[in-house]
Amino acid sequence: MASSRSSSHMPRPGSGVPDGLYHKERYQAMRSLPDVCPKEPTGEGGRLCNGPSVVSEHDRWTVYSSKVNLPAALNDPRLAKRESDFFTKTWGLDFSETEVMPSFYLPNITRDHFTPYLQEMAQRERIHERCKTICPNKDDVDAASSITTNHDKSRAELEQVPKIFMKLDFALEDPATFNTVLPWSHFNSSGGKSSRDGASSKLLQEKLSHYLDVVEVSIARQISLRSEAFFHAMSSQHELQDRLQETQQAVANLRGRTAAMDRVMCQGPLRALRTAVTHNNCVKLHNKLKLMAAVHQTQPTVQLLLSTSEFVGALELISTTKEVLQQELQGVHSFRHLGSQLCELEKLIDKMMVEDFSMYARSDLNRSLKDEPLVLEKERLESLVFGLLRQRKLDFLDIYGDEMMLAAKATVAQSVAETVVHIEEIDTEVITKLADQMRLMTFPQWFDLLISIFESFLLFLQRIKATLNVIRNVVLEVLNSQQKGRLLDEAGSGLSESLQVPTVQQGEAELAYLTHEGLFISDAMSEARQQQQQQDQSSTGVCRTLSGHSASCSTDTPVSGEPNSCMSSDSMMPSELELNRVINNLQELLYSSSDMSHDRCVKVLTARAKDGSLERLSSAEFVCLSQAVEAFVRDTEELCGRRSVSLRGALQSQANRFVHRFHEERKTKLSLLLDNERWKQAEVPAEFHDLVNSIADGRITLPERKAPGPENRKPTEYLLVNGEKYAVVGTVLLLIRIFLEYCQCVNDIPSIATDMLTRLCDLLKHFNSRSCQLVLGAGALQVVGLKTITTKNLALASRCLQLVVHYIPVIRAHFESKLQPKQHNALRHFDHITKDYNDHIAEISAKLVAIMDSLFEKVLSKYEVKAPMPSACFRNVCKQIAKMHEAISELLPEEQTQMLFLRINSSFKLHLKRQLARLGVVNDGGPQHGLVVVDVAFYTENIQALRSLEQLDLNMAEIWEQKR
């Protein structure tokens, strides 16, 4: 039974199954399809790969030419999804998974488009589902019941099979499993084989056969349930083979048409393209031969240029030739040694240019300074500088600086030699040193020599500045050309980027995939055009460069386009940073030339001042020297724009020595005058009036002395200053002239203003302290031999001090205008001096009051109130007051006289009050009071009778004691 069921449900290949069920097995085994996709051209070796041609068909292909069967294609292990077709084997997963771009003509359908339909059909769908639940379909119910019944039946049958056969680890080689399946213990009896054992084995065999039939029937049932899917797969395979046959016929037709198009439309144009390429190659070869002929003449042309000192042209020719050898003629065997020869020649030109520039600098700086152009051979200098810049020999300015140092020394030596020739007192054969020769000259001779050196150095600096300006112009021209070239390159790069897309679009797009010698024709044509343009430009540039110096370049060389020889020179030129550094070095070199000239002039000054001759100059001579030095320094500053300090420093050092000697001479002179001063009023000569008038006009300068004439003015008794009379001594008049000399020196030599201010303050302090010692301290009694210091001497000293105090603000304003703002702090010395002078004047006034005070004390101590009246005591007091008034009234102004006598009157009242108190006289209207009133009236009358004291309010009522 099991066998019959197995045979009926599980047909096998040899069991005589009807042809209607497996009739497709008669078809021939399917062969795999060939890879019909042509591979891309690789370009290696100028050949394509060995794939099938897309132009001509080599072998007729049929569906039987396929080498991969359909199950193998569908079961590609590389695919994640088995549903993919066989095309993914050749072109990869992306062939079928590539996202398809949406069509522009179809709208983008979203779920929102179906919303109205879903809303309309929702009610019907719910009714339909409710009906299906209530009344299911009869077929579905039958099928479900059939499937359920079969499934339950199959399940019941399979449950009869022991579970051991269903285990995943079932293996008969396992002894335990084998013993379980075949229990031999039932067959192995001790008595041997019996009929019972045979029956048991048959029963076991039938049982296992039954298990096999159950399993086979279950398997056949599952296969029968899926038979439609198998038949559908087989029918799909037949349909696919039919479509492949149609596709093969369409491809054959397409290949035939493509071969016809290739024969009719492509082979002719390809021959034309090959002919054009051949022609271009011939033109390139011709240009290359002409270029080689031109390069062959490079060395003779360079030699010809060097013979005429055309270094720039020779360097340009060498650079261009080297560039051509590296680019256009690279690998040419005949020129293998030319590159090294050109390098050696270039090094030789470098040395020649350096030597030529050194010779030029030497000849330019050592030529005569008179009647010569500022720049010697300007074109030669420009050529040398351009060549040195091109070769990056940026240290040529050091050579010029060294030559400039030697020329500066030679300038001084030449000026001294030209001056000494005209001086007979100096024997140049005996005295060979320049310093010794200069010290033997008189000051006028040496001063003329110094002026000549200054003039020579000014011409020397003008020549240097003109030469450096020429060099700077060359550097600036190179710098500007580089900047313009950079701007043009940037503009060209932007233009090429903007034109890049149109250029590609203008190519032969229809030939993009046609190959020519292993390359796409479009690429080959564009490459050929680019190479042709580059070679035409380079060959044209070389021939143009070489044709300017040699006749070897033929006249039929194409000259269209600009020459390209400047590109190499620009690449050899220094960078903008280096050029800017050269410009800065030029300015520093000009500064150095100014400092160098000042240093040589300092040596001339120090050589002359070594024996102290400059310190012994008069004020006028030193002023002339200072003015000449200042004029030279000012001219060099305007010319070079550099404030050099060496010459000013040397002059300042000499000025300090001069100021020291100048001050010591005048201080000594003032001390001698004070020691011989008798402190009597002196007459004022007319020249001092001129000094005072010049100061009143705002000019603190020494007026020129007028020659004596018949209309000589007589001296006056007083010095009139701003309408005020000053009675002075002779020393003060000379003091005025002395501090005017100080101010005049500051006008002539502004650099010594600070030193002069300190020395002048010292002089004024010396005058104040010394006059105080002589007058107030009574030093004149021993020094001059005066018998006594009178009130007239005191008043005259006070008036002299007042005159000096009057001029201190004027002197201060003058020095303030000459000092720098940061030096104004030194002006505080004038404030201290003014205070000292005012204190001295106050002490003299106090001294005059003290003299009268002692007199009052001495006279009034003997006063007695008795007749006759006025008393002798009051008569003596009035007499002494009158003498003092007579002595000082002509010396002091009225205001000061009144103030002085007010203080004297206060002193008199104080002593009188004390004496009356001792005598017991009070304001009681008695006889003694009357006698005192008479004396006081006499005193008041005499005091107010004096000139300038008429309006003096004596207020004598304060002398009385109140009545007790």
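How each quantity is defined
- Residues numbered from 1 in each chain as written.
- Predicted model: local features only at pLDDT ≥ 70, side-chain atom pairs only at ≥ 80, totals over all residues.
- Heavy atoms only, no water.
- Helix = DSSP H or I, 4+ residues; strand = E, 2+ residues; numbered from the N terminus.
- pLDDT = per-residue confidence, 0-100.
- Contact = heavy atoms within 4.5 Å.
- Salt bridge = Lys/Arg side-chain N within 4 Å of Asp/Glu carboxyl O.
- Buried < 20%, exposed > 50% of the residue type's maximum accessible area, 1.4 Å probe, protein only.
- Core = buried A, V, L, I, M, F, W, Y, C linked by side-chain atoms within 4.5 Å.
- Axes fitted to C-alpha atoms, helices over the stretch in contact; angles between N-to-C directions.
- Parallel < 35°, antiparallel > 145°, perpendicular 65-115°, else oblique.
- Left-handed = near helix turned anticlockwise from the far one by under 90°.
- Nonpolar A, V, L, I, M, F, W, Y, C, P; charged D, E, K, R; others polar.
- Phe/Tyr/Trp six-rings, centres within 6.5 Å; stacked < 30°, edge-to-face > 60°.
- Lys NZ or Arg CZ within 6 Å of the ring centre and 35° of its normal.

1. As for the environment of Gln 951
Here Gln 951 lies in the segment after helix 30 (927-944). C-alpha of Gln 951 to C-alpha of Gln 898: the two residues are 53 residues apart in sequence and 9.3 Å apart in space.

2. Points about the confidence of the model for the protein
Residues of the protein with pLDDT of at least 70 account for 73%, and the chain-wide mean is 75. Of all the helices and strands in the protein, strand 1 (residues 515-516) carries the lowest mean pLDDT, 33, while helix 27 (residues 828-860) carries the highest, 93. pLDDT under 50 marks residues 499-528. Its contacts with residues more than four places away, or in other chains, come to 24 contacts.

3. A word on the pattern of salt bridges
Here the structure, examined in full by the defined rule, presents 16 salt bridges. Between Arg 362 and Glu 403 there is a salt bridge, and its shortest N-O distance comes to 3.3 Å. Of this pair, Arg 362 sits in helix 12 (residues 338-365) while Glu 403 sits in helix 14 (residues 396-420), and the two are 41 residues apart along the sequence. Residue Arg 362 is classed as partly exposed on the basis of its relative accessible area of 37%. With a shortest N-O distance of 3.3 Å, Arg 759 and Asp 755 are connected by a salt bridge.

4. Focus on the nonpolar core
Core analysis: the largest hydrophobic core is formed by 191 residues, its most contacted members being Trp 446, Leu 625, Phe 815, Leu 912 and Tyr 939. The leading source of residues in this core is helix 16 (residues 443-505), at 19 residues. Discounting residues that sit within four places of it in the chain, Leu 912 has contacts with Leu 860, Tyr 863, Phe 874, Val 936, Met 956 and Ile 959.

5. Some details on the packing of helix 27 against helix 28 (residues 872-888)
Where helix 27 meets helix 28, the closest approach of the two axes is 10 Å, and the angle between their N-to-C directions is 165 degrees. What the angle tells us is that helix 27 and helix 28 run roughly antiparallel. In the packing of helix 27 onto helix 28, the handedness of the crossing is right-handed. Between helix 27, through Leu 848, Met 852, Leu 855, Phe 856, Val 859 and Leu 860, and helix 28, the contact on the second element is made entirely by Cys 873, Asn 876, Val 877, Gln 880, Ile 881 and Met 884. Class assignment for the residues of the contact of helix 27 with helix 28 results in 10 nonpolar, two polar and no charged.

6. Let's talk about the packing of aromatic side chains
Summed over the entire model, instances satisfying the criterion amount to 13 aromatic pairs. For the pair Phe 454 and Phe 632, a centre-to-centre distance of 4.4 Å together with 10 degrees between the ring planes defines the contact as stacked. Separated by 178 residues along the polypeptide, Phe 454 in helix 16 and Phe 632 in helix 20 (residues 619-640) bring together distant segments of the chain. Per residue, the accessibility class of Phe 454 equals that of Phe 632, and both read buried. Taken together, a centroid distance of 4.2 Å and an interplanar angle of 5 degrees make the contact between Phe 622 and Phe 658 stacked. Taken together, the residues span a long stretch of sequence, with Phe 622 in helix 20 and Phe 658 in helix 21 (residues 646-675) at a distance of 36 residues. Judged by its relative accessible area of 0%, Phe 622 is buried. The residue whose ring lies beneath Arg 666 is Phe 662, and the NZ or CZ to ring-centre distance is 3.5 Å. Its guanidinium or amino end placed over the ring of Phe 938, Arg 875 lies 5.6 Å from that ring's centre, counting from NZ or CZ.

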